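Breakdown of the fold
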Amino acid sequence: MTKAKKVLFITQELTPYVSESPMATVGRKLPQAIQDSGREIRTFMPKWGNINERRNQLHEVIRLSGMNIIIDDTDHPLIIKVASIQAARMQVYFIDNDEYFHRRLMIADEEGKEYEDNAERAIFYARGVLETLKKLRWCPDIIHCHGWMSAVAPLYIKTAYREEPPFVNAKVVFSAYGEMPTQKPVDNFLDCLTFRDAKADILKQTGIDFSSPDAFGQLAIAFSDGYIQGEAGTHPELLEYAKSRNVPAWECPGLENMGELYGACYDQIFEAE
């Protein structure tokens, strides 16, 4: 019997909006499989600058746009766009901002150099999704975060937003894939992360080395209720880290029977105390 009836996907990549990759393939197939299994879904991704808005028929949702998100004392306007994947009967919400996403690629520029403000982009993305969900007044049972660009969302769900109606009873799952940052977070990363109850002292209590690129994956797991390996054979150290923190962890379930396999994980996490 289905226990977790509503699932929110906060993903980094999703076809057909970006090129195929293991993460983008799961981003596309998993929400559809979960929806086809009888559960209700919502899906978010960043509006990367290499997404063709006209071809993919993105349009702005005025009633959801318009607020500012403050990061390190700077205001950043939040723009929400939406598009539909007709074959899957699935809507995708896009988090956009001219500074962080417009005319910029995903994680690295044309020369393969990672953007120095990726940590800020991740923070903006996470808070943008959570603020939009509040406006939608939709309360998920499971929030599944895919890729390191979503890695700060579990922190905020469990601290800064924990008393907001959409998140009070939600359980959080994180999945990492082959692509993880190689650059260490910026020196003011903790200052940028600090928001409401997501305070520096809570972050320091985790024991995570925030000067290491590994900080993103560990941060996500530290505030998650479950870890599902997104790509087979990748980041065994995160599987071990999850187990060391008594976070339920699963190796990659693969692309077959996704609705059943992932759904079983969701139900087990949702029922756990």
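Attention in this report is confined to the structure presented alongside it. Along each chain, residues carry numbers from 1 onward, in the same order as the chain's sequence is written. In keeping with the model being predicted, local features are shown solely for residues with a pLDDT of at least 70 and side-chain atom pairs are shown and tallied solely at 80 or more, while totals for entire chains, interfaces and linings include all residues. Think of the side-chain values as coming from all heavy atoms in the structure, minus any hydrogens and water.

1. Some thoughts on the pattern of salt bridges
Between side chains of opposite charge, pairing is possible as soon as their charged atoms come close. A side-chain nitrogen of Lys or Arg and a carboxyl oxygen of Asp or Glu constitute a salt bridge if their distance falls within 4 Å. Per the counting criterion, the structure on display carries 12 salt bridges. Among the salt bridges present, the one from R89 reaches D36, with a minimum N-O distance of 3.6 Å. Placement of R89 in the loop between β6 (79-85) and β7 (90-96) and of D36 in helix α1 (residues 22-36) is noted, with a sequence separation of 53 residues between them. Only protein chains enter the accessibility calculation, which uses a 1.4 Å probe; a residue whose area is less than 20% of its type maximum is buried, one above 50% is exposed, and one in between is partly exposed. Its relative accessible area of 63% is what places R89 among the exposed residues. The salt bridge involving E164 is made with K134; its shortest N-O contact spans 3.3 Å. Of this pair, E164 sits in the loop between α4 (153-158) and β9 (171-175) while K134 sits in helix α3 (residues 118-136), and the two are 30 residues apart along the sequence. The exposure class assigned to K134 is partly exposed, which follows from its relative accessible area of 23%. Among the charged side chains, a salt-bridge network with shared partners connects K47, E53, K81 and D96. In this description a helix means any DSSP run of H or I spanning at least four residues, a strand means any run of E spanning at least two, and both kinds are numbered starting from the N terminus.

2. A few points about the sheet that holds strand β11 (residues 249-250)
Strand pairing follows a simple DSSP-based rule, namely that at least 2 bridges must link the two strands. The strand order across the open sheet built from 9 strands is β3-β6-β7-β2-β1-β8-β9-β10-β11, with neighbouring strands paired in mixed fashion. Only two strands of the sheet have a single neighbouring strand rather than two, namely β3 (59-60) and β11. Sheet topology places strand β2 (residues 40-46) next to β7; 3 bridges connect them, and they run parallel. Of the residues in β7, the one forming a bridge with P46 is I95. Along the sheet, helix α9 (residues 258-271) makes contact with β1 (6-10), β8 (142-146), β9, β10 (226-228) and β11, crossing β8 at roughly 125°. What makes two residues a contact is simply this: any of their non-hydrogen atoms within 4.5 Å. Orientation is described by axes fitted as lines to C-alpha atoms, over the contacting stretch for helices, and by angles from 0 to 180 degrees between their N-to-C directions.

3. Digging into the environment of E271
Its place among the elements puts E271 in helix α9. Judged by its relative accessible area of 47%, E271 falls in the partly exposed class. Each C-alpha atom, one on E271 and one on P16, is 34 Å from the other, the two residues being 255 residues apart in sequence.

4. Structural notes on the pairing of strand β5 (residues 74-77)
Within a regular strand, the side chains alternate between the two sheet faces. Where strand β4 (residues 68-71) and β5 come together, 4 bridges link them in antiparallel fashion. Each bridged residue has a counterpart across the sheet, and for I69 the counterpart in β5 is H76. Where β4 hands over to β5, the hairpin turn is made up of 2 residues, of which D72 adopts a positive phi near 55°.

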